[in-house]
Amino acid sequence: MHRKPYLTDRIDEVVVMRFRLEFILTMGALLWASTVAAQTTQPAPAAWGQLISNLSQSIIDESGAVQTAAMVGDDVIVRGLDGNQNHTRYHLLQRTQGLTIISSRVYTWPAETIATDLGADFKAFDNFPATLRKQFCTREEKDQRDRANSIARQWLAASLDPSANDLIAVLVLWEAPAPVTSNLLLGNNAAPEIKQPLFVLIKGKQKGESDAAISQIVFGDALQALK
């Protein structure tokens, strides 16, 4: 007996909805307590950490295009979390210039503590608005924390398709809201627009004993990933 087409369609919809729900749960897990189990991920080489540190500064610098081009060549794959394959480093700079760095983390794949690492950085960032803290906050139970790290690892795997021992970096950037402005004629205050954090996921390779190179960048906010 053949399955009716509409049933297959419904199953596909459930799979997509489940993935989206798990992604939201991962984002909601980022502000868990920073006291976590010992890191089991192999440490990233110093050259990769230095490269990502330099890149994170150049992409937020209004005059950092030349420095960024030296690290992100024309052969580097750049795409959006929304699946857009047609991005370049210039599109990346349009989104990142002028932003503030909340987190910059480097790993050798597989990475085991992504969610809790980012959560610690979110908690340490004093200027993060309460509305966003609430959005990204959840309970601190260990089994849930472990699940968040597992989902975050799956998210990076789906986004970057890394192989064992690939170099990975996760940057979180944010645009602080503009100061509240008063409208004297209307007698009210305009509420500032609060932007979502921007995630920049990076994959690379080690070159020799003291060098590393970027091969892929995926960027966007959590809402774009659900489109």
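To be clear, the structure that these remarks concern was listed above.
To keep things clear, this report deals only with the structure shown in the data block. Every residue gets a number counted from 1 within its own chain, in the order that chain's sequence is written. Whole-chain, interface and lining totals are the exception, using all residues; otherwise, since this is a predicted model, local features are given only for residues with pLDDT of at least 70 and side-chain atom pairs are given and counted only at 80 or more. Heavy atoms from the whole structure form the basis of all side-chain values; hydrogens and water molecules are not counted.

Remarks on the overall build of the protein chain
Put simply, the rule reads: Secondary structure is summarised from DSSP: a helix means a run of H or I of at least four residues, a strand means a run of E of at least two, and numbering begins at the N terminus for each. Each residue is assigned to one of three classes by its accessible area relative to the maximum for its type, calculated with a 1.4 Å probe on protein chains only: buried under 20%, partly exposed between the two thresholds, exposed over 50%. Contacts: residue pairs with any heavy atoms within 4.5 Å of one another. Each accessible area value is a Shrake-Rupley result obtained with a 1.4 Å probe; residue values ignore everything except the protein chains displayed when judging cover.
From N to C terminus, the protein chain includes seven helices and seven strands. In the protein chain, the succession of helices and strands from N to C terminus is α-α-α-β-α-β-α-α-α-β-β-β-β-β. Expressed as a percentage of the 227 residues in the protein chain, the buried residues total 41%. Considering only intrachain contacts with a sequence separation of at least 6, the fraction spanning at least 24 residues in the protein chain is 76%. Counting every atom, the protein chain has about 12,800 Å² of accessible surface; 53% of that belongs to carbon and sulfur.

Some thoughts on the sheet that holds strand β7 (residues 211–220)
Condition: One requirement defines pairing of two strands: DSSP has to find at least two bridges between them. A fitted line through C-alpha atoms represents every axis, and for helices the fit uses only the stretch in contact; the resulting angles, taken between N-to-C directions, go from 0 to 180 degrees.
With respect to topology, five strands assemble into an open sheet ordered β1-β7-β6-β3-β2, the strand pairing being mixed. Two strands in the sheet have a free side with no partner beyond their single neighbour: β1 (77–80) and β2 (100–108). Mean inter-strand twist for the sheet, computed between neighbouring axes without regard to direction, equals 20 degrees. Sheet analysis places strand β6 (residues 198–207) next to β7, joined by nine bridges and oriented antiparallel. Opposite Lys207, over in β7, you have Asp211 as the bridge partner. Helix α7 (residues 142–160) rests against β1, β3 (167–174), β6 and β7 of the sheet, and its axis sits at about 70 degrees to β6.

Concerning helix α2 (residues 46–60)
The condition is simple: Working rule for helices: expected span equals 1.5 Å times residues minus one.
Between the first and last C-alpha of α2 there are 22 Å, a value that for 15 residues agrees with the 21 Å anticipated at 1.5 Å per step. Along α2, the residues classified as buried are Trp48, Leu51, Ile52, Leu55, Ser56, Ser58, Ile59 and Ile60. Looking at the buried side of α2, the elements it contacts are α3 (65–71), α4 (89–96), β2, β3, β6 and β7.

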